[in-house]
Amino acid sequence: MVLKSFIEVHPDSHFSVQNLPYGVFKPHPSSAPRPGVAIGDYVLDLSEIASAGLFDGPLLNNSDCFNQPNLNKFVSLGRPAWKEARATLQKLLSATEPTLRDNANLRQKSLVPLNSVELLLPVAIGDYTDFFSSLHHTKNCGVIFRGPQNPVLQNWFHLPVAYHGRASSVVISGTDIVRPRGQAHPTGDSPPPFGPSLKLDFELEMATIVGPGNELGKPVDINSAADHIFGIVLMNDWSARDIQAWEYIPLGPFLGKNFGTTLSPWIVTLEALEPFTCDAPKQDPPPLPYLTEKVSKNYDISLEVRIKPAGHEDSCVVTRSNLKHLYWTLTQQLAHHTINGCNLRPGDLLGTGTISGPEPESLGCLLELTWNGQNSLSLNGATRRFLEDGDEVTFTGYCEGNGYKVGFGTCTGKIVPSPP
Ligand SMILES: O=C(O)/C=C/C(=O)CC(=O)CC(=O)O
Ligand SMILES: [Ca+2]
Ligand SMILES: [Mg+2]
């Protein structure tokens, strides 16, 4: 029997009672931010549920984790508390449970229409790291930037390559992205050109939200890495390809990627994603023992990117991909991050890297889709090599259950011009 809620949830809604993703919202512009879960077209205000004494399990009954302006405290509590919260909320929202269903006053206080709230970043992000875990993306970038001889460098098959990003410029879906200015590669003996980026791109990614951290000096074992993952979100790692190509040798991405990174507002938990696990790709050569998992799994999450070109009414799908194409798993990324003793903290953000699939229609950025601007994409009458001012990029993603969806909502951003 499929669990049903007393709240009507359309079968196409991303926010079924099987999902219950966590976010942070303000019911009114002047109210304090508070945690909530999305259900159908509503947000359930967890601060109200906690005040009503309805988190009555042993781990959460005296906790103030839902009276906070972000989810850091809740995510730090770990999987037993997350399971308890999920069980409490699924019961409270189920069609057969009268506690909330038949209490008009509590419903009025705790269920807020989703379209009336302001959504905020769900966690305070201390640190942000971005991996490079899709083999298709890596090969394509290698050919584009370094030529077809040796597109994938030797280290790539032995470890999940990554760089440290910038947490300060991570923004919530809906925030405008200012076109960055910077230097690009010079031609001949001329000085490097400087100005607004001419190769502004999106990168289709997802990202782990870290739950409990690890102590400095104490790596996380690969087989317990999943206990440090609260859930995942959609992420657009906006990238200026011209700035990147000139600045990033030998130390890696810097100003070409830290001018804005957009997250979707709802963190979908690993518990909700459990029915959608699939085998991770076979890894050859086999990874070292510290990266070898007893069970190596990915998640089957359909992903789509649309662009609404400046001045147009309609958006156009530019790519369809899936998280299952990742070569390195989320748990391998996390374990590798800590193997030298580096400490992760609750709320840290670990991007997967651009999620490209094997087909030309499943490439995760314009760099690959237009082969660094050599080809153009046609979008219902408009053409694009890279993003123009006024273009709006929207990611969406979901898992298809039996009669319900477990989805991520959208991750969207519009490009606005560089300052004069
Ligand atoms: O291969 C390169 O030179 C560059 C690669 C990227 O820009 C990718 C990156 O930021 C990580 C990722 O999103 O996969
Ligand atoms: Ca990236
Ligand atoms: Mg970025």
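To be clear, the structure that these remarks concern was listed above.
Conventions used here
- Residues numbered from 1 in each chain as written.
- Chains lettered and ligands numbered in written order.
- Predicted model: local features only at pLDDT ≥ 70, side-chain atom pairs only at ≥ 80, totals over all residues.
- Heavy atoms only, no water.
- Donors = N, O, S within 2.8 Å, 3.2 Å for Na, K, Ca; no water.
- Helix = DSSP H or I, 4+ residues; strand = E, 2+ residues; numbered from the N terminus.
- Buried < 20%, exposed > 50% of the residue type's maximum accessible area, 1.4 Å probe, protein only.
- Core = buried A, V, L, I, M, F, W, Y, C linked by side-chain atoms within 4.5 Å.
- Pairing = 2+ DSSP bridges.
- Axes fitted to C-alpha atoms, helices over the stretch in contact; angles between N-to-C directions.

S.K.: I tried to follow the coordination of the magnesium ion (ligand 3) on my own but got confused; where do I start?
M.R.: When four donors bind a metal tetrahedrally, each ideal donor-metal-donor angle is 109.5 degrees, and when six bind octahedrally, the ideal angles are 90 or 180 degrees. Protein-derived ligands of the magnesium ion (ligand 3) are D237 (OD), K257 (O) and T261 (OG1), with the metal-ligand distances lying across 2.2 to 2.4 Å. All donor residues of the magnesium ion (ligand 3) come from one chain, and their arrangement in sequence is D-x19-K-x3-T. On the criterion of sequence distance, the pair formed by D237 in the loop between β14 (229-236) and β15 (239-240) and T261 in strand β16 (residues 261-263) is long-range, its members being 24 residues apart. Owing to a relative accessible area of 0%, T261 belongs among the buried residues under this scheme.

S.K.: Just to check I follow, could you spell out the nonpolar core for this structure?
M.R.: One broad rule of soluble globular proteins: the nonpolar side chains tend to lie buried together. F202, M206, L273 and I301 are the most contacted members of the largest nonpolar core, which has 51 residues in total. Considering each element in turn, this core owes the most residues, four residues, to strand β26 (residues 405-416). Formed by 41 residues, the second largest nonpolar core is a distinct cluster that contains L20, I49, I125 and M235.

S.K.: How do you make sense of the coordination of the calcium ion (ligand 2) when you look at a structure like this?
M.R.: Looking at the calcium ion (ligand 2), the protein donor atoms are D130 (OD), E203 (OE), E205 (OE) and D237 (OD), and they sit 2.2 to 2.3 Å from it. Read in sequence order, the donor residues for the calcium ion (ligand 2) give the motif D-x72-E-x1-E-x31-D. Of this pair, E203 sits in the loop between β12 (200-201) and β13 (204-210) while D237 sits in the loop between β14 and β15; the two residues are 34 residues apart in sequence, bridging distant segments of the chain. For the residue pair E203 and D237, the accessibility class agrees, reading buried in each case.

S.K.: Could you clarify how one ought to interpret unusual backbone geometry in this entry?
M.R.: With an omega dihedral of 5 degrees, the bond running from I249 to P250 counts as a cis peptide bond. Along the chain, P250 turns up in the loop between α7 (241-247) and β16. Across the junction of D284 and P285, the peptide omega takes the value 5 degrees, indicating a cis bond. Locating P285 in the fold gives a position in the loop between β18 (277-279) and β19 (297-299). Backbone geometry places W371, a non-glycine residue, at a positive phi of 50 degrees. Here W371 lies in the loop between α10 (366-369) and β23 (377-379). The backbone of N372 shows a phi angle near 60 degrees, a positive value even though the residue is not glycine.

S.K.: So what exactly am I meant to see when it comes to the sheet that holds strand β1 (residues 22-26) here?
M.R.: The strands making up a sheet are joined through hydrogen bonds of the backbone, oriented either antiparallel or parallel. An order of β4-β3-β2-β1-β5 is seen for the five strands of this open sheet, with the pairing classed as antiparallel. In the strand order of this sheet, the two ends are held by β4 (111-113) and β5 (118-120), each with one partner. Ignoring which end each strand starts from, the neighbouring axes of this sheet average 45 degrees apart. Bridge count for strand β3 (residues 42-45) against β4 is three bridges, and the pairing is antiparallel. Its bridge partner being in β4, Y42 is matched across the sheet by P113.

S.K.: Would you mind going over the pairing of β1 with me for this structure?
M.R.: Put simply, side chains in a regular strand alternate between the two faces of the sheet. In terms of residue burial, β1 counts as a mostly covered element, since five of its five residues are buried. The alternating pattern of β1 places Y22, V24 and K26 on one face and G23 and F25 on the opposite face, and all of these are buried. Taken together, the four bridges between β1 and strand β2 (residues 34-39) define a ladder with antiparallel strand orientation. The residue of β2 that forms the bridge with F25 is R34.

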